[in-house]
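Single-letter residue listing:
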Amino acid sequence: MTATAASTNPATPPTATPAQVPRARFDAIPLLLVLALAGLALPLVGSVPTWLTLTLAGLAMGMIVFIIASGLTLVFGLMDVLNFGHGVFIALGAFVATSVFGLMGDWTGSASVAHNLAAVFAAMLVAMAVAGAIGYAFERVVVRPVYGQHLKQILITMGGMIIGEEIIKVIWGPQQIPLPLPQALRGSFFIADAAIEKYRVFAVVIGLVVLVGMLWVLNRTKIGLLIRAGVQDREMVESLGYRIKRLFVGVFVVGSALAGLGGVLWGLYQQMVVPQMGAQINVLLFIVIIIGGLGSTLGCFVGALLVGLMANYTGFLAPKVALFSNIGLMVAILLWRPQGLYPVTSR
Amino acid sequence: MSTPVLQLDNVHTHIGAYHILHGVDFTVPQGEVTMLLGRNGAGKTTTLRTIMGLWQASRGRITFDGQPIGGEGQRLSTPEIAQRGIAYVPETMGIFSDLTVKENLLLAARKARTVDDLDTQRLEWIFGLFPALKKFWLYPAGKLSGGQKQMLSVARAIVEPRKLLLIDEPSKGLAPAIIQNLIGALQELKRTQTTILLVEQNFAMAKALGDSVAVMDDGRVVHRGRMAELAEDEDLQRRLLGLSLAAHQ
Amino acid sequence: MLKRLLSHDLPRSRALAVALMLIVAVLLVVPFAFPGSKSLNVAAKVLIFIVLVASYDLLLGYTGIVSFAHTMFFGIGAYGVAIASSRMGAGWDALAVGIVLALALSLVLSLVIGLFSLRVRAIFYAMITLAVASAFQTLASQLSEFTGGEDGLTFRVPEVLSPSFEPFEEEILGVLIDGRIISYYLLFVVAVVLVLLMLRIVNSPFGRVLQAIRENDFRAEAIGYRTVVYRTLSNVLSALFATLAGCMLAVWLRYNGPDTSLSFEIMLDILLIVVIGGMGTIYGAVIGSALFVLAQNYLQDLMRLGAGAVEGLPVISELVSPDRWLLWLGVLFVLCVYHFPSGIVGRLRQRVQAAVR
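Residues numbered from 1 in each chain as written. Chains lettered and ligands numbered in written order. Predicted model: local features only at pLDDT ≥ 70, side-chain atom pairs only at ≥ 80, totals over all residues.

With respect to helix H12 (residues 297–317) of chain A
Note the threshold: For the purposes of this entry, the term helix denotes a DSSP run of H or I that reaches at least four residues, the term strand denotes a run of E that reaches at least two, and both are numbered from the N terminus. A helix is expected to reach a length of 1.5 Å times the quantity of its residues less one. Counting other C-beta atoms within 10 Å of its own, a residue is labelled buried from 20 upward, exposed at 12 or fewer, and partly exposed in the gap between, with every C-beta atom placed from the backbone.
Compared with an ideal rise of 1.5 Å per residue, which puts 21 residues at 30 Å, H12(A) spans 30 Å between its outermost C-alpha atoms and is within 8% of the ideal. With 18 of 21 residues buried, H12(A) is to be regarded as a mostly interior element.

Things to note about the sheet that holds strand S2 (residues 18–28) of chain B
Residues and elements named next belong to chain B. Our working rule: Only strands joined by at least two bridges in the DSSP assignment are considered to pair. Working convention: axes come from line fits to C-alpha atoms, limited for helices to the stretch in contact. Angles between N-to-C directions cover 0 to 180 degrees. Two residues qualify as being in contact provided that their C-beta atoms, derived from the backbone, are within 7 Å of each other.
The 4 strands lie next to each other as S2-S1-S4-S5, forming an open sheet whose pairing is antiparallel. Strands at the two margins of the open sheet, each flanked by one partner only, are S2 and strand S5 (67–71). If you compare each strand with its neighbour and ignore which way they point, the axes differ by 20° on average. Summarising the sheet, strand S4 (residues 57–64) and S5 pair through 4 bridges and their orientation is antiparallel. Counterpart to Arg61 in the pairing with S5 is Gly71. In the packing of helix H1 (residues 44–51) onto the sheet, the strands contacted are strand S1 (6–15), S2, S4 and S5, and the crossing angle to S2 comes to about 75°.

Describing the interface of chain A and chain C
Every contact between the two is made by 29 residues of chain A and, on the other side, 29 residues of chain C. Secondary-structure elements contributing two or more residues to the side of chain A that touches chain C are helix H6 (150–172), helix H11 (277–292) and helix H13 (322–336) of chain A. Ranked by residue count, the leading element in the side of chain A that touches chain C is H6(A), at 15 residues.

Some words on the arrangement of the chains
Take the 2 pairs of chains in contact: the one carrying the most contacts is chains A and B. Looking at chain B next to chain C, you find no contact at all, with the nearest C-alpha pair sitting 13 Å apart.

A few points about the sheet that holds strand S8 (residues 196–199) of chain B
Residues and elements named next belong to chain B. Read across the open sheet, the 6 strands follow the order S6-S7-S8-S3-S9-S10; overall the sheet is mixed. Because the sheet does not close on itself, it has two edges, and the strands there are strand S6 (86–89) and strand S10 (220–226). If you compare each strand with its neighbour and ignore which way they point, the axes differ by 15° on average. Sitting on the sheet, H1 touches strand S3 (33–38), strand S7 (164–168), S8 and strand S9 (212–217), and the angle it makes with S7 is about 145°.

A closer look at the UniProt feature "transmembrane region" (unreviewed entry) in chain A
Residue and element names in this part refer to chain A. As a reminder, the rule being used: UniProt positions are given in the numbering used here, feature names are shortened, and annotations may be inferred rather than shown by experiment.
Under the feature "transmembrane region" (unreviewed entry), the UniProt entry names residues 28–45, 52–78, 84–105, 117–138, 199–218, 247–269, 281–309 and 321–338. Taken end to end, residues 28–45 is 94% helix and 0% strand, and its first and last C-alpha atoms sit 26 Å apart. The straight-line gap between the two end C-alpha atoms of residues 321–338 is 24 Å; of that span, 83% is helix and 0% is strand.

Structural notes on the pairing of strand S2 (residues 188–191) of chain A
Residues and elements named next belong to chain A. Bridge count between S2 and strand S3 (residues 194–197): 4 bridges; the pairing is antiparallel. In the sheet register, Ser188 faces S3, and the bridge partner there is Glu197. Here S2 folds back onto S3, and the loop between the two strands holds 2 residues, one of which, Ala192, carries a positive phi near 55°.

Written out as structure tokens, the structure is:
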């Protein structure tokens, strides 16, 4: 990820005016791609209201996928660990949400917006906490013993996913459980002829909050600096005196918590949860992080939006092609930028 | 005679099945520049990496500031060793390419939370040694030239005071003019009584900077002494390093 | 003579040899010793899985490549036979056409995937194969005119193999011989031949190079072996054998659908078996498949007994519920990856080595 804004620095001598100090130019092309895709879809779809609905659906889905995948890409970039079991945290978050909603039934059922939102936020927080805690255990028990051994990592994280799914079935049962939206989030606004679903707007807002939060931590705090440096050269960061291994666990836990949050949002999006829901979107997650560039948060964001939009547009225009459209998108982008939209230079 | 900052006793290092260091002994006196010379493959980089804990010494002892940091017994991790006050400038420079010069330096300054915490005076001093860093302050470090990256790597090691600097072949791949700049900067550094262990193949640089010298061959130290004496003894130079001073101006 | 047959890759452990002989013997006599359609089905499934998992061992155990596209080739084989038999009508020519076309498609696909993806890191390759297999599964259910969509294809097999064919009026050894039993023995012979063939391959110079690449591809490249070529070849061979396993499946079931051969659950099963049985041994696939398929069908009854004992207790009864046997298998799998990479076969062989010392 390239540095974005400059910061005021008292050590920059007054003799060098800002115009003379060379700085990195922000690469906005991938972001423009998102706009281009949306723009391209408009004439194909035909009607503006339908296009609006589809675009919003795509953005919402993209945001949710971003939230889930953001942890995955950072964990890979920093620790060189590809967690094939990441999906289990999604399912875990979603199922925890069903339990929380079960406990807060009167609040989700009530007409008060405040109660509804409180219930949703409670579910999100609890899901994140549980997913984070399980993530910690997962890192220590499953992942840590196989750092650096990619083959074993793939196998073991898959094994972890199998075990996780089964344990979810043990606790909540093997069948799907409905996760209905609380009153206040149902239905749509109407702007001109277009139906703007309230929940989708909510998901987009949450997604943006997560994005801004992540970018802020990564670019404005020392820990973020450590993470970005660690993604490039772990050994050098250790040589500078930082115990980066402790950071690993933290990033893994945050990634798992975010997956849990994504699970809640995804479950509400589909209005139901199944134990396999994590495995179902595994493929989508990988496509997104490859498109974005492994280790890049902004890349993951753009990739997720592209995938979400693509899925919704093709779902409307040519349903049979939907899954292939994403793979096609990935191939097209890799042909243009083989390391992903925002490549991270490593070692 | 002050206690040496760093002492290696009979240090052996194995990498996998390969036995690279065969009992390395030398000391690094305080406030001086100690040169570590030797042919390619003599084990110089391995020695630095072993000191830094990146590779574990299988036998022997490494003592820093009177405390054991590696070898049999005490085995500290690399971050712990760095925190004790050793800075490492690797052969590959270890620059974080996507981070700006500013961010690279900020990272190296462990005590600084944000850029405002950096010691302005020290920073000005660094800019004095390496003006290019001032110019490219907000530039991604990966886009700097080779010489500038080397400067940045050294600057990172001195952005906060450290007890010992380990520098590995800074002149490698640099043009002669840049090497002169580097020598100048390091001589400035020397004036501040910083203790440095410098690995170099460039004998002119060694002669300009070194106070003591240890020469390695085949994973062992084969000569110890003062740099000045080695610089005058051409026969010794030829025997140890296979060159004469004239050949490396 | 036996040594030559096994390509000098002996079990090297009495326990293992006994187990293998037992499995082969039982499989040989199932139609007579355990009459009934369920046991025959289980035995056929064991045979098919042995070939399928052994072909995966070639890829994972011997070459060190993790691919999630194996079920795709399995499915291609099954669909090949299914589509050919549906379109051309039952008959040996339909089988032949189906098998040949399926092998051709698998050859092309595995070549393309191999060349394109094997130049990238293992992690990328795993992700790409996951995506490709997923896409293929969707494709199979979408192209319904061709593949029968979600419902799949039911078809007839050559007369000799169909259940209504009864060559002998009298019972032989207490069992009435019909097409099913003949099919079964056909599968048996094919399975034996394919496994011996795979043993031949992994013990050939080619196989040794594969193992060298698995251990240290950098060094192998330095010695002069073009690792991309070898890996691609291994990919192709593995795919071809999996395709044949798929053909076997279709002939036996006389039906094929997207879930029968393409589902991710089957891919996970293969992974579980190959790791627990023992990677890089081929024999591991034999032992593992036998144990797995038996467990899948009969262990559940056993667990049901256990579940009865802890009926009232809330979580525990769920943990030992026969539907959750995958949980324990998963735990066993993880333990094997950590501690017993050569699985059951490896453990058995280790005992011998320890005793010899």
